[in-house]
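Here is how the chains run, residue by residue.
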Amino acid sequence: MATALRLGTAFAVVLLVGGEAAAQLPTAPPPHPALADVAAEYRRLGLPVPPPGAALVRVNWWRDNGRETAAPYLLGFRIPPAGPGDEPRYFIGSGQRLAGVYIPPDRVETVAPTTRALDRLDVYPPDQLCLAVHCHFRGWDDLARGLYLKSLEHLDGPPVRELREIKWSIWQGRVNERGSDRAEIYRQLRPLADVAPPDVGQLVTHPHLLRRLELTIAPRTAKPGTPEALIDDLVDYWHDNEDRANESGREAYWKLVELGFDAVPALLDHLDDERHTYALVEGFSGFICRPVLVRDLAGEIVYRLAEGRIEGVHVPASQRGVWLDPKLARKWWEGARGVDEGKWLGDRIWRADGPGGAVQTPNENVLRALGAKHPKRLRAAYEEYLADPRKRGAAGGGEFVGPILASRLSREEKLGLFVGGASAGEVWQRVPALRGLAGLDPVVSRRHLLLALREAVPRLERGEWELGDPTPLVALVARARDRDCWDALAAAVRTVPYDMRRHFLRHLGPPVPPGRPDPLRRERIRFLVEFLDDRTAGLGEEEGDRVEIRDFATSQLMGVLGFPVERDSENGVEHDPALGPLMRFVLRGAVRQAAGRELARPGR
């Protein structure tokens, strides 16, 4: 099994240029500008520089199966931690390459600012150019010259143009950063488009960016409280990928949804609105596809209220937002605006996804509109969901939680619905209702969570139930802050098959990124210790690799307790199958003792 430290495939693009020995500095064919002139342009463009106290370091970036490549190093600056518990940051090139990436300290070495630092480097050429400027600013002339000459061999264009490309890339990347100042971004990018002839290649790829920014920062004129004003507020829309229940960035979106048909005329007028939001569409493997524009959200709201009755639209399930043909959308509206809204929405709660409509999921936008304007229909829909095992098995119920909590139903009605949901179906089907209960009455939610977990154990042992995804279940147990709930979860996990057991243990292993404050640290340790005697064996990550649960739990505990460990591409800890029986025995004993010492300390 590969035990390489892979710091993310998205960053592998930096490993393009082979390093050369420091004694064989390259020479660039003239003419090219003097480094001092390039540095002056760098400063004029306001490009970032590492702080004065940052040390020059080499980062051992690439290693596979324990074997280093011929050129494994990046060169840059280490910025000290901002405060207690924080990790150092690394400033490579323009400062964007390793932003937010955890790097184990043993992969970093301080180096002297001489040409020896160039040995075995594998650095992206524009980063070499930036590093050359940084070294020039510090008076490290030999190293600066060596980096500059190496960059000139591989840059796609003249150095000054590369600096402009870097500035464009930095500021363009901030357009969708939550809370960024779009007016300042526009002020920084506008001059780059005025170069005659334009030499920023990304202007060709993104010719619309400046125009869209102009629209986004233009003064708003809509009357407060109107659908138009809410549509203006969509420029501040964002969605929390780590906590889907966090709706703080979607308030204007849901207010428009809750207006139902009353918002449709204004939304139709914005199906070509190209203003930016703070959201991005993620495609396959998490790669960013495109920014989400106001028109996408306006189209999505209309399309979902119409429940697919608008012609000529295909909505990829992985994307956020919908592009509608305004003519076809208005054609649908001409036929729909005269009907009874409550009946229309009530008849379109369930969306058929599977062949012949066999699999159905509820339309959350329709549920939101019902909760705000026709709450009795929402209550009836949820009761229908609870009474129909086929719908429960297909949907999961999560789509109902937000609409019920936001609805005009009374608190007692909401509690009654969620108590019913917390008692129906398998554990994974109860989790959404338990989450809804936690938002209304944490004590009632905790009681029903404990009952569900204890009821699950015999059903799981008989193979009648499944436990489901650990993410929402562990989050719910953590929110309960109850040791009995943690113990009940551990008892349930001990009954599930090998692969699912490993999945839960991995989820309760060291958090990502390492070294950050972890409010669940004590419970992680207690939970994992429960499995140090579990000898259940199965196949590991690679074919033929047999791993016992107790050894996998040991690896996770090592990561939590701060033992040196190798991490995979997601900074998760994997068991090393190369360890022999004696070493596995020694490690189990060591982590058991370390865990015991930590749990013996005063704590909650």
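Below: a short report on this structure. (Residues numbered from 1 in each chain as written. Predicted model: local features only at pLDDT ≥ 70, side-chain atom pairs only at ≥ 80, totals over all residues. Heavy atoms only, no water.)

## Details of the overall build of the chain
Now for step 1: A count of helices and strands for the chain gives 26 helices and twelve strands.
Now for step 2: Counting the 604 residues in the chain, one finds 50% classified as buried.
Now for step 3: By sequence separation, contacts in the chain at least 24 residues apart represent 68% of the contacts at least 6 residues apart.
Now for step 4: When the accessible surface of the chain is totalled, it reaches about 28,800 Å², and 51% of it is carbon and sulfur. (Helix = DSSP H or I, 4+ residues; strand = E, 2+ residues; numbered from the N terminus. Buried < 20%, exposed > 50% of the residue type's maximum accessible area, 1.4 Å probe, protein only. Contact = heavy atoms within 4.5 Å. Areas by Shrake-Rupley, 256 points an atom, 1.4 Å probe, with all protein chains shown as cover.)

## Re the environment of Leu-437
Now for step 1: Its location among the elements puts Leu-437 in helix 19 (residues 427–440).
Now for step 2: By relative accessible area, Leu-437 is classed as buried at 0%.
Now for step 3: Considering only alpha carbons, one finds Leu-437 and Phe-418, 19 residues apart in sequence, at a separation of 5.9 Å.
Now for step 4: Once you skip the residues sitting within four places of it in the chain, Leu-437 turns out to touch Leu-415, Phe-418, Val-419, Ala-422, Pro-442, Val-444, Ser-445 and His-448.

## Notes on helix 1 (residues 35–44)
Now for step 1: By the burial criterion, the buried members of helix 1 are Leu-35, Val-38, Ala-39, Glu-41 and Tyr-42. Here the buried residues of helix 1 occupy an arc of 160° about the axis, which is enough to place them on one side. Relative to its buried face, helix 1 has exposed residues pointing more than 90 degrees away, namely Arg-43 and Arg-44.
Now for step 2: Contacts made by the buried residues of helix 1 are with helix 2 (125–137), helix 3 (141–154) and helix 4 (159–172).
Now for step 3: Gly-46 sits one or two residues past helix 1 and shows a positive phi near 70°. (Arc of directions from axis to C-beta.)

## Some remarks on a nonpolar patch on the surface
Now for step 1: A cluster of nonpolar side chains, Leu-582, Met-583, Phe-585 and Val-586, forms an exposed patch at the surface whose accessible area comes to about 430 Å².
Now for step 2: Mapped onto the fold, Phe-585 is located in helix 26 (residues 581–600). (Patch = residues over 30% accessible without salt bridge, like charges linked within 9 Å, V, L, I, M, F, W, Y side chains within 5 Å. Salt bridge = Lys/Arg side-chain N within 4 Å of Asp/Glu carboxyl O.)

## Observations regarding the sheet that holds strand 6 (residues 108–110)
Now for step 1: With respect to topology, four strands assemble into an open sheet ordered 5-4-1-6, the strand pairing being antiparallel. With partners counted over all chains shown, the strands left at the sheet margins are strand 5 (89–91) and strand 6, one partner each. For this sheet, the mean inter-axis angle between neighbouring strands, taken without regard to orientation, is 45°.
Now for step 2: Pairing of strand 4 (residues 73–79) with strand 5 involves three bridges; the strand directions are antiparallel. In the strand pairing of strand 5, Ile-79 is matched with Arg-89. (Pairing = 2+ DSSP bridges. Axes fitted to C-alpha atoms, helices over the stretch in contact; angles between N-to-C directions.)

## Section: the packing of aromatic side chains
Now for step 1: Scanning all chains against the criterion turns up 15 aromatic pairs.
Now for step 2: With a centroid separation of 5.3 Å and 35° between ring planes, the pair formed by Tyr-385 and Phe-400 is classed as tilted. In this pair, Tyr-385 sits in helix 15 (residues 375–387) while Phe-400 sits in helix 17 (residues 398–406), placing the two residues 15 residues apart along the sequence. Residues Tyr-385 and Phe-400 agree in their burial class; the two are buried.
Now for step 3: Members of the aromatic cluster, joined through ring pairs, are Phe-261, Trp-332, Trp-333 and Trp-344.
Now for step 4: The aromatic ring of Tyr-278 is capped on one face by Arg-182, whose charged end is 3.7 Å from the ring centroid. (Phe/Tyr/Trp six-rings, centres within 6.5 Å; stacked < 30°, edge-to-face > 60°. Lys NZ or Arg CZ within 6 Å of the ring centre and 35° of its normal.)

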